[in-house]
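As a plain string of letters, each chain reads:
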Amino acid sequence: MSGTPRADSNYDARLEFLRTVAHQNLIEQPSKYKRAGYKKPGRRHKSSKQLVADEMKRLNNVEGNPKHNVTHFTVNAPPSLKPPKKYCDITGLIGKYKSPTNNIRYYNSEIFQLVVKPMTTGVDQQYLKLRGADFVLK
């Protein structure tokens, strides 16, 4: 500061104001958006190492079963509750649209006009086969 009495008093006043505001912020007031008894959950998901260990314990505690070798590939998980994502068969981006003639998913109208619409029957079946949605007429 410049050392003048007016500047020092102004500085002291601002410092005192900031201290009172900081003190007011330290006082905990119950939030109107959160329940009083709310506790933040500890851990929501188990790590893959814990899943493998739990699966090994479960399998080895069942009587009459031989010892199992549990790996990441043998652990069974329940199916997902979320619907599967649908991707464009051409670009790999999120496919919002599906062609009514050949069931190929596409990203936008430009892809449809340039690639999907002029596509021949054999080529569209190959794209569907990559996705696992092809159909074979007998």
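Being a predicted model, the structure only gives us computed values, none of them experimental.

Definitions and limits used
Throughout this document, residue positions are counted from 1 along each chain, in the order its sequence is written. Residue-level local features of this predicted model are given only where pLDDT is at least 70; pairs of side-chain atoms are given and counted only at 80 or more, and the full residue set underlies all totals for whole chains, interfaces and linings. By convention in this description, side-chain values take in all heavy atoms of the structure and omit both hydrogens and water. The aromatic pairing rule takes the rings of Phe, Tyr and Trp, using the six-membered ring of Trp, and pairs them if the centres are within 6.5 Å, calling planes under 30 degrees apart stacked, those over 60 edge-to-face and the rest tilted. Within this document, salt bridges are pairs made up of a side-chain nitrogen of Lys or Arg and a carboxyl oxygen of Asp or Glu, the two lying within 4 Å of each other. The helix and strand labels rest on DSSP assignments: H or I over at least four residues marks a helix, E over at least two residues marks a strand, and numbering proceeds from the N terminus. The buried label goes to any residue with under 20% of its type's maximum accessible area, the exposed label to any with over 50%, and the partly exposed label to all in between, with areas taken from a 1.4 Å probe on protein chains only. When checking whether two residues touch, look at their non-hydrogen atoms; a contact exists if any pair is within 4.5 Å. UniProt positions are given in the numbering used here, feature names are shortened, and annotations may be inferred rather than shown by experiment.

Notes on the packing of aromatic side chains
In this structure the tally under the stated criterion is two aromatic pairs. Among the aromatic residues, those joined into a ring-pair cluster are Tyr 97, Tyr 106 and Phe 112.

Examining the pattern of salt bridges
One pass over the full model with this rule turns up three salt bridges. Where Arg 131 meets Asp 89, a salt bridge forms, and the shortest distance between an N and an O atom there is 3.4 Å. Of this pair, Arg 131 sits in helix α4 (residues 121-131) while Asp 89 is found in the loop between α2 (48-61) and β1 (97-98), placing the two residues 42 residues apart along the sequence. Note on Asp 89: relative accessible area 16%, which makes it buried.

Describing the environment of Leu 128
Tracing the backbone through its elements, the reader meets Leu 128 in helix α4. It is 8.0 Å that separates the C-alpha atoms of Leu 128 and Asn 103, two residues lying 25 residues apart in sequence. With residues near it in sequence (within four places) discarded, Leu 128 still touches Asp 89, Asn 102, Asn 103, Ile 104, Ala 133, Asp 134 and Phe 135.

Examining the UniProt feature "domain: Vps72/YL1 C-terminal" (unreviewed entry) in the protein
Here the UniProt feature "domain: Vps72/YL1 C-terminal" (unreviewed entry) sits at residues 86-115. Secondary structure within residues 86-115 divides into 23% helix and 13% strand; the distance between the first and last C-alpha atoms comes to 18 Å.

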